[in-house]
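This is what each chain is made of:
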Amino acid sequence: MKQITSFTINHDKLRRGMYISRIDGDVITYDIRMKLPNNPEGDYLDDLALHTFEHLFATYVRNTTFSDEIVYVGPMGCRTGFYFLTRDTLSGEDAIRLVQETLRYVLDFTGEIPGSKRQQCGNYLAHDLEGAQEIAREMQLVMADWTPKQLPYPDEVMTGTSAV
């Protein structure tokens with residue numbers, strides 16, 4: 001079988017940040033890497049916190065003026081980050097700004113988690129707002145000065161196969 005693109009990235013050299021993972025037609029997949037992969041201390045996104053972060057991230061970006069350009073938001077199975085899929089009509093600069101705004105939204109959020117009622121969510125009891133806010137706090141430092149020039153994966157993480 002053909003190896004999928006995300007498996008061609010050297011995860012031992014990948015750092016936290018926001019990268020273009022791939023482009024498929026008019027859809028751009030961003031790799032929002034929040035934790036160092038293969039961390040020997042086992043520092044990964046907590047299940048409850050990432051679930052809450054997902055609800056807040058998806059709710060926020062789908063309620064902006066760019067809502068029509070948002071395709072998908074979801075956590076990586078390895079619990080080191082999120083995939084953020086957008087239409088190519090959303091510039092890299094705007095995608096970065098949306099992620100930065102989302103981090104602020106999560107940090108400032110109070111109240112009931114959107115979509116957290118039993119009828120709205122398949123695991124409605126699995127939420128941790130404080131944990132989601134800690135994820136946002138840590139990632140806000142990484143994303144504070146991120147620029148479109150930083151969106152391509154760094155050369156050192158490429159294993160010889162194109163990431164896009």
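Relevant structure appears above.
Residues numbered from 1 in each chain as written. Predicted model: local features only at pLDDT ≥ 70, side-chain atom pairs only at ≥ 80, totals over all residues. Heavy atoms only, no water.

Caption draft 1: Inspection of helix α1 (residues 47-61) at higher detail. When the terminal C-alpha atoms of α1 are compared, their 21 Å separation across 15 residues agrees well with the 21 Å that a helix rising 1.5 Å per residue should span. Burial within α1 is extensive, with 11 of its 15 residues counted as buried. Taken together, the buried positions of α1 are Ala49, Leu50, His51, Thr52, Phe53, His55, Leu56, Phe57, Ala58, Tyr60 and Val61. Looking at the buried side of α1, the elements it contacts are β2 (27-33), β3 (70-75), β4 (81-87), α2 (92-108) and α3 (129-143). (Helix = DSSP H or I, 4+ residues; strand = E, 2+ residues; numbered from the N terminus. Expected span 1.5 Å × (residues − 1). Buried < 20%, exposed > 50% of the residue type's maximum accessible area, 1.4 Å probe, protein only. Contact = heavy atoms within 4.5 Å.)

Caption draft 2: Broad picture of the packing of aromatic side chains. Enumeration over the complete set of coordinates arrives at nine aromatic pairs. With a centroid separation of 6.2 Å and an interplanar angle of 35°, the aromatic rings of Tyr30 and Phe84 are classed as tilted. In this pair, Tyr30 sits in strand β2 while Phe84 sits in strand β4, placing the two residues 54 residues apart along the sequence. A single burial state applies to Tyr30 and to Phe84, both of which are buried. Considering the side-chain rings of Tyr60 and Tyr105, the 5.0 Å spacing of their centres and the 35° angle between planes classify their relative orientation as tilted. Remark: Tyr105 occurs in helix α2 and Tyr60 occurs in helix α1; sequence separation between them is 45 residues. One aromatic cluster in this structure is built from Tyr30, Phe53, Phe57, Phe82 and Phe84. (Phe/Tyr/Trp six-rings, centres within 6.5 Å; stacked < 30°, edge-to-face > 60°.)

Caption draft 3: Inspection of the sheet that holds β2 at higher detail. With respect to topology, four strands assemble into an open sheet ordered β1-β2-β4-β3, the strand pairing being antiparallel. Either end of the sheet is taken by a strand with one partner, and the two such strands are β1 (17-24) and β3. Averaged over all adjacent pairs, the angle separating strand axes in this sheet is 20°, with direction ignored. Strand direction decides the pairing type here: β1 and β2, joined by seven bridges, are antiparallel. Bridge pairing in β2 places Asp24 opposite Val27. (Pairing = 2+ DSSP bridges. Axes fitted to C-alpha atoms, helices over the stretch in contact; angles between N-to-C directions.)

Caption draft 4: Spatial organisation of the environment of Tyr44. If you trace the backbone, Tyr44 turns up in the loop between β2 and α1. Sequence-wise, Tyr44 and Val61 are 17 residues apart; in three dimensions their C-alpha atoms are separated by 24 Å. Once residues within four sequence positions are removed from consideration, Tyr44 is found in contact with Lys35, Leu36, Asn38, Asn39, Cys78, Arg79 and Thr80. Here Asn39 takes part through its backbone nitrogen, which lies 3.1 Å from a polar atom of the side chain of Tyr44. (Polar contact = N/O pair within 3.5 Å; in protein donor to acceptor, adjacent residues only side chain to side chain.)

Caption draft 5: Looking closely at the packing of α1 against α3. Between α1 and α3, the shortest axis-to-axis distance is 7 Å and the interhelical angle comes to 75°. In terms of orientation, α1 and α3 fall into the roughly perpendicular class. Note on element contacts: α3 touches α1 through Leu129, Gly131, Ala132, Ile135 and Ala136, opposite Ala49, Leu50, Thr52, Phe53 and Leu56. Grouping the amino acids of the contact of α1 with α3 by side-chain chemistry returns eight nonpolar, two polar and no charged. (Parallel < 35°, antiparallel > 145°, perpendicular 65-115°, else oblique. Nonpolar A, V, L, I, M, F, W, Y, C, P; charged D, E, K, R; others polar.)

Caption draft 6: Focus on the packing of α1 against α2. Running from amino to carboxyl end, α1 crosses α2 at an angle of 125°, the nearest separation of the two axes being 10 Å. Accordingly, the angle class assigned to the pair α1 and α2 is oblique. At the point where α1 passes α2, the crossing takes the right-handed sense. On the side of α1, the interface is formed by Phe53, Leu56, Phe57, Thr59, Tyr60 and Val61, while α2 contributes Leu98, Val99, Glu101, Thr102, Leu103, Tyr105 and Val106. Among the residues making up the contact of α1 with α2, the classes are represented as 10 nonpolar, two polar and one charged. (Left-handed = near helix turned anticlockwise from the far one by under 90°.)

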